[in-house]
Amino acid sequence: MATLTIKNLPDSLYERLKLTAARHRRSLNSEAIVQLEQSLNKHNIEVEETIERVRELRSKYPDLRLTDADLEFAKNEGRP
């Protein structure tokens, strides 16, 4: 197994990780691994779900195409 050293970890983040580890009755190292796994898995699930939703919408509305102007409008809507 690999070893990872984290440099320049902010004190506040270290304290939060330490408290979470204590709450879950884990070592600091184990808690860091669990948090990394959860974070990385969550991102992959969100991406896969988003892609699947886009595919569903594209099949439901095959004639709908967004232009660059449409996208620019959506990005700037509600901004000052």
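The preceding data block contains the structure.
All values derive from a computational prediction rather than experimental measurement.

K.L.:
Would you explain the overall build of the chain in this entry?
P.N.:
Within the chain one finds three helices and zero strands. Reading the chain from its N end, one meets helices and strands in the order α-α-α. For 80 residues, the compact-globule estimate of 2.2 N^0.38 gives 12 Å, and the C-alpha radius of gyration of the chain, at 21 Å, exceeds that figure by more than 25%. Seen through its principal axes, the chain has C-alpha atoms that stretch 55 × 35 × 25 Å. Considering the chain as a whole, with its 80 residues, one finds that 6% of them fall into the buried category. Accessible area of the chain: about 7900 Å², with a carbon and sulfur share of 54%. Mean positive and mean negative side-chain charge positions of the chain (14 and 14 charges, respectively) differ by 6 Å.

K.L.:
Just to check I follow, could you spell out the layout of surface pockets for this structure?
P.N.:
A water-sized probe, rolled over the atoms, reveals where empty space remains. Of the volumes computed, that of the largest pocket is approximately 630 Å³. In terms of lining residues, the largest pocket is bounded by 18 residues, among which I6, L17, A32, I33 and L36 are the most central. Elements supplying a minimum of two residues to the lining of the largest pocket: α1 (11-23) and α2 (28-60). In terms of residues, the lining of the largest pocket owes the most to one element, α2, which gives seven residues. Per-class residue counts for the lining of the largest pocket are twelve nonpolar, five polar and one charged.

So, how was this worked out
Residues numbered from 1 in each chain as written. Predicted model: local features only at pLDDT ≥ 70, side-chain atom pairs only at ≥ 80, totals over all residues. Heavy atoms only, no water. Helix = DSSP H or I, 4+ residues; strand = E, 2+ residues; numbered from the N terminus. Rg over C-alpha atoms; globule rule 2.2 N^0.38 Å. Buried < 20%, exposed > 50% of the residue type's maximum accessible area, 1.4 Å probe, protein only. Areas by Shrake-Rupley, 256 points an atom, 1.4 Å probe, with all protein chains shown as cover. Lys, Arg positive; Asp, Glu negative; His and termini not counted. Charge placed at Lys NZ, Arg CZ, Asp CG, Glu CD. 1 Å grid on protein atoms, 1.4 Å probe; cavity = no way out; pocket = protein on both sides within 12 Å on 5 of 7 lines; lining within 4 Å. Points joined across faces, edges and corners; volume = space filled by probe spheres on them. Nonpolar A, V, L, I, M, F, W, Y, C, P; charged D, E, K, R; others polar.

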